[in-house]
Amino acid sequence: MRLEFPVAGRDFQAAGGAAQKIKRTLRQIGIDAETARRVGIVAYEAEMNIVIHAFSGKVGVDILPERINVFAYDQGPGIADIDLAMQVGYSTAPEDIKEMGFGAGLGLPNMKRYSDNLVIESEVGCGTSIRAVINLPTKEGS
Ligand SMILES: Nc1ncnc2c1ncn2[C@@H]1O[C@H](COP(=O)(O)OP(=O)(O)OP(=O)(O)O)[C@@H](O)[C@H]1O
Ligand SMILES: [Mg+2]
């Protein structure tokens, strides 16, 4: 099952809505609270990075029997140095966005922390795509 939502750059009104819908749907179909929370965090940070840094994009999940894949892709400026962008505290968010409480440079580190695998691909002047894997807990005794 795939869930996918459009994300518009600079739309702080709708920002976070896609991640919230993803998290709610996971709970409704019986995904455990801890997994839904982790997916929610990863999807939220990916969604906010599109809102803050890109022009437009999509965020979504593929729900598989053993794992949940979070994906996000955007049309935007891209990331020149992904290793640098992954550093805690690194942010290019403009001052007006920082005044809103964003731009601590914690989004990508948190996505890495809460996922089992994170892959970022980006082309400067074109856009960025992100895939994160969150494994479902294995059932006791199996
Ligand atoms: N989708 C994207 N498009 C272009 N640049 C991005 C994108 N996502 C992240 N970046 C770049 O990587 C940097 C670090 O991202 P990260 O999410 O860790 O921090 P932030 O978004 O600046 O702040 P925070 O997430 O704490 O609000 C950003 O400041 C930006 O330069
Ligand atoms: Mg961010």
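Draft legend 1. Structural view of the overall build of the protein. A tally of helices and strands in the protein yields five helices and five strands. When the helices and strands of the protein are placed in sequence order, the string is β-α-α-β-β-α-α-α-β-β. Whereas a compact globule of 142 residues would reach a radius of gyration of roughly 14 Å, the protein reaches 15 Å, a difference of no more than 12%. Overall, the protein is about 50 × 30 × 25 Å in size when its C-alpha atoms are taken along their principal axes. Taken over 142 residues, the protein has a buried fraction of 42%. Put simply, of all contacts in the protein between residues at least 6 apart along the chain, 62% involve residues at least 24 apart. Taken as a whole, the protein presents about 8000 Å² of accessible surface, with 50% of it coming from carbon and sulfur.

Draft legend 2. Fine view of unusual backbone geometry. The phi angle at R10 is positive, at roughly 65°, despite the residue not being glycine. Assessed through its relative accessible area of 45%, R10 is described here as partly exposed.

Draft legend 3. Region of the structure containing the pairing of strand β1 (residues 2-8). Every second residue of β1 is oriented toward a common face, the buried set being L3, F5 and V7 and the non-buried set R2, E4, P6 and A8. Relative to strand β2 (residues 56-63), β1 is paired through seven bridges, and the arrangement is antiparallel. What sits directly across from F5, in β2, is V59.

Rules behind the numbers
- Residues numbered from 1 in each chain as written.
- Chains lettered and ligands numbered in written order.
- Predicted model: local features only at pLDDT ≥ 70, side-chain atom pairs only at ≥ 80, totals over all residues.
- Heavy atoms only, no water.
- Helix = DSSP H or I, 4+ residues; strand = E, 2+ residues; numbered from the N terminus.
- Rg over C-alpha atoms; globule rule 2.2 N^0.38 Å.
- Buried < 20%, exposed > 50% of the residue type's maximum accessible area, 1.4 Å probe, protein only.
- Contact = heavy atoms within 4.5 Å.
- Areas by Shrake-Rupley, 256 points an atom, 1.4 Å probe, with all protein chains shown as cover.
- Pairing = 2+ DSSP bridges.

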